[in-house]
Amino acid sequence: LLYTIKFEGSKMGDMTSFNIDNGYFEGLVRGYRSGILRRNDYHNLVECETLDDLKLHLQGTDYGPLLANDPSPLIVQTIDERLKERLVHEFTHIRNQCFQPLAQFLDYMTYGYMIDNIILLITGTLRNRPIAELLPRCHPLGRFDELATISIAQSPAELFNGVMVDTPLAPFFSECVQDENDLDEMNIEILRNKLYKAYLEDFYAFCQKLGGTTADVMCPILAFEADRRAITITINSFRTDLLKDDIENLYPKCGRLYPEGLKFLKNAEDRDEVRRICERFGVYKDLYNGVGDGPNDKTLEDKFFEEEVKMLALSFEQQFHFGVFYAFVKLKEQENRNIVWIAECISQKNKNKVDNYIPIF
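Nothing here was measured: the structure is a model prediction, and the numbers come from that model.

Draft legend 1. Spatial organisation of the packing of helix H6 (residues 102–126) against helix H11 (residues 185–210). Contact geometry for H6 and H11: axes closest at 11 Å, N-to-C directions at 175°. Considered as vectors, H6 and H11 are oriented roughly antiparallel to each other. Between H6, through Gln104, Phe105, Tyr108, Met109, Tyr111, Gly112, Ile115, Asp116, Ile119, Ile122, Thr123 and Leu126, and H11, the contact on the second element is made entirely by Glu185, Ile188, Leu191, Arg192, Leu195, Tyr196, Tyr199, Asp202, Phe203, Phe206, Cys207 and Leu210. For the contact of H6 with H11, the class distribution of residues is 17 nonpolar, three polar and four charged.

Draft legend 2. Unusual backbone geometry, seen in detail. In this model, serine 72 is joined to proline 73 through a cis peptide bond whose omega is 0°. The topology assignment puts proline 73 in the loop between helix H4 (51–59) and helix H5 (76–95). The step from glutamine 100 to proline 101 runs through a cis peptide bond, and the omega angle for that step is 5°. One can find proline 101 in the loop between H5 and H6. Positive phi, normally seen in glycine, also occurs at asparagine 128, with a value near 65°. Of note, asparagine 128 is situated in the loop between H6 and helix H7 (131–134). Backbone geometry places lysine 349, a non-glycine residue, at a positive phi of 50°. Among the structural elements, lysine 349 can be located in the segment after helix H17 (323–347).

Draft legend 3. Main features of the packing of aromatic side chains. Tallied over the full model, the rule gives 19 aromatic pairs. Between tyrosine 111 and tyrosine 199, the aromatic rings sit 6.4 Å apart at their centres with planes inclined by 70°, giving edge-to-face as the arrangement. Of the two residues, tyrosine 111 is situated in helix H6 and tyrosine 199 in helix H11; the sequence distance between them amounts to 88 residues. Here tyrosine 111 and tyrosine 199 have matching classes, each one buried. Arginine 33 extends its terminal NZ or CZ atom over the ring of phenylalanine 361, reaching a point 4.2 Å from the ring centre. Arginine 229 extends its terminal NZ or CZ atom over the ring of tyrosine 196, reaching a point 3.9 Å from the ring centre.

Draft legend 4. How the structure looks around the side chain of asparagine 338. Along the chain, the position of asparagine 338 falls in helix H17. Aside from chain neighbours lying at most four places away, what touches asparagine 338 is Tyr42, Tyr357, Ile358 and Pro359.

Draft legend 5. Structural detail: the nonpolar core. In this structure, Leu54, Phe105, Phe203 and Phe325 are the most contacted members of the largest nonpolar core, which totals 89 residues. Look past the residues within four positions of phenylalanine 105 in its chain and what remains in contact with it is Phe203, Phe206, Cys207, Leu210, Met218, Phe322, Phe325 and Tyr326. If you look at the next biggest cluster of nonpolar residues, it comprises 21 residues, including Ala230, Ile231, Ala268 and Cys278.

Draft legend 6. Geometry of the environment of asparagine 44. The residue asparagine 44 is located in helix H3 (residues 39–46) in this model. Looking at asparagine 44, the relative accessible area reads 36%, which means it is partly exposed. Expressed as a C-alpha distance, the spacing of asparagine 44 and histidine 57, which sit 13 residues apart in the sequence, is 7.1 Å.

Draft legend 7. Here's a closer look at the pattern of salt bridges. Counting across every chain of the model gives 24 salt bridges. We note a salt bridge from lysine 351 to glutamate 49, for which the minimum N-O separation is 3.8 Å. Placement of the pair is lysine 351 in the segment after H17 and glutamate 49 in the loop between H3 and H4, with a sequence separation of 302 residues. Note on lysine 351: relative accessible area 27%, which makes it partly exposed. The partner of arginine 82 in a salt bridge is glutamate 81, and the shortest N-O contact between them spans 3.9 Å. Using a relative accessible area of 34% as the deciding quantity, one classes glutamate 81 as partly exposed. A single network of salt bridges, built from pairs that share partners, joins Asp70, Glu81, Arg82 and Glu85.

Draft legend 8. Expanded view of the state of the cysteines. Following the criterion strictly, the structure yields zero disulfides and no others. Free cysteine cysteine 219: the closest other cysteine sulfur is in cysteine 207, separated by 5.7 Å. Judged by its relative accessible area of 9%, cysteine 219 is buried.

Draft legend 9. Structural context of the environment of leucine 169. Secondary-structure assignment places leucine 169 in the loop between helix H9 (156–166) and helix H10 (170–174). The class for leucine 169 is buried, based on a relative accessible area of 0%. For the pair leucine 169 and glycine 112, spaced 57 residues apart in sequence, the C-alpha to C-alpha distance is 9.5 Å. Setting aside chain neighbours within four positions, we find leucine 169 in contact with Tyr111, Met114, Ile115 and Ile118.

Reading guide: rules and limits
- Residues numbered from 1 in each chain as written.
- Predicted model: local features only at pLDDT ≥ 70, side-chain atom pairs only at ≥ 80, totals over all residues.
- Heavy atoms only, no water.
- Axes fitted to C-alpha atoms, helices over the stretch in contact; angles between N-to-C directions.
- Helix = DSSP H or I, 4+ residues; strand = E, 2+ residues; numbered from the N terminus.
- Parallel < 35°, antiparallel > 145°, perpendicular 65-115°, else oblique.
- Contact = heavy atoms within 4.5 Å.
- Nonpolar A, V, L, I, M, F, W, Y, C, P; charged D, E, K, R; others polar.
- Phe/Tyr/Trp six-rings, centres within 6.5 Å; stacked < 30°, edge-to-face > 60°.
- Buried < 20%, exposed > 50% of the residue type's maximum accessible area, 1.4 Å probe, protein only.
- Lys NZ or Arg CZ within 6 Å of the ring centre and 35° of its normal.
- Core = buried A, V, L, I, M, F, W, Y, C linked by side-chain atoms within 4.5 Å.
- Salt bridge = Lys/Arg side-chain N within 4 Å of Asp/Glu carboxyl O.
- Disulfide = S-S within 2.5 Å.

This is how it looks when you write it as structure tokens:
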């Protein structure tokens, strides 16, 4: 009750009270942030000739003995798993000790991974894959206690009904009414987008309620994520028979493109028109610079990642807010993708594109 009163009566980000419950954890995550790889670390990694060389160089960073217990020859999958384990350990260490409303904020951060895990399980059961084979592929940040319970489902319909009742995602599923007997691959992807829409809008509203610096930092980050999903949904819809109004219903309505930009997007007919729509909005005017199909061009996904990294890195310039927790997890995910990408290039002995990673600091 004490924390409920404090949450309702004050704005998060008030420097006079923030440190009482959250100062230690903010200091902890800023300490974690100091261990993120720098450009010279990446320069050393791309020079490696084998994965054992990469392991040796990682030992000289904040990762230390991360791979010490893994015998040679290393494989990329092992590196990926250890990186995820490290991130989950750091995240869980904070989540298990923090107070409300930070605990709820961190829970919101895990819901996106839960959505991906549930969709993975539903898609797998649709293809007659055993749940026991799919569970190891679930992202560890998206695991939850009820996952073991719903894993006994034998069909997509049973799994769907289990999620509707027994998981933290139940409120989002209730907003995404779907006939469980009509779950083909197209409808499952539509379900994913509806869940993300409900999730992002709810997370955005929660951050607005927190107010203060947390809202100032997090709302633009979540708005960017909403717009990224809207643009991606539009581009992917060109290969489908979805109606324009059905496409619009998948757009999260908490981004900077809402409402006018989304109306333009739903009527777009090709990628060039999407590009012209983005260029009308100042914040996305330069998004397509350098995007193309040439050997030295970047993909639109790469540009989104680059813009996201910039926003996340800037969140550490302010204090007394929850945005640093979100930023740290997302930046570490990008770092993990960078390391795995370099490891893949080394493993396949194809280093022509080994520099195609996204540096953070």
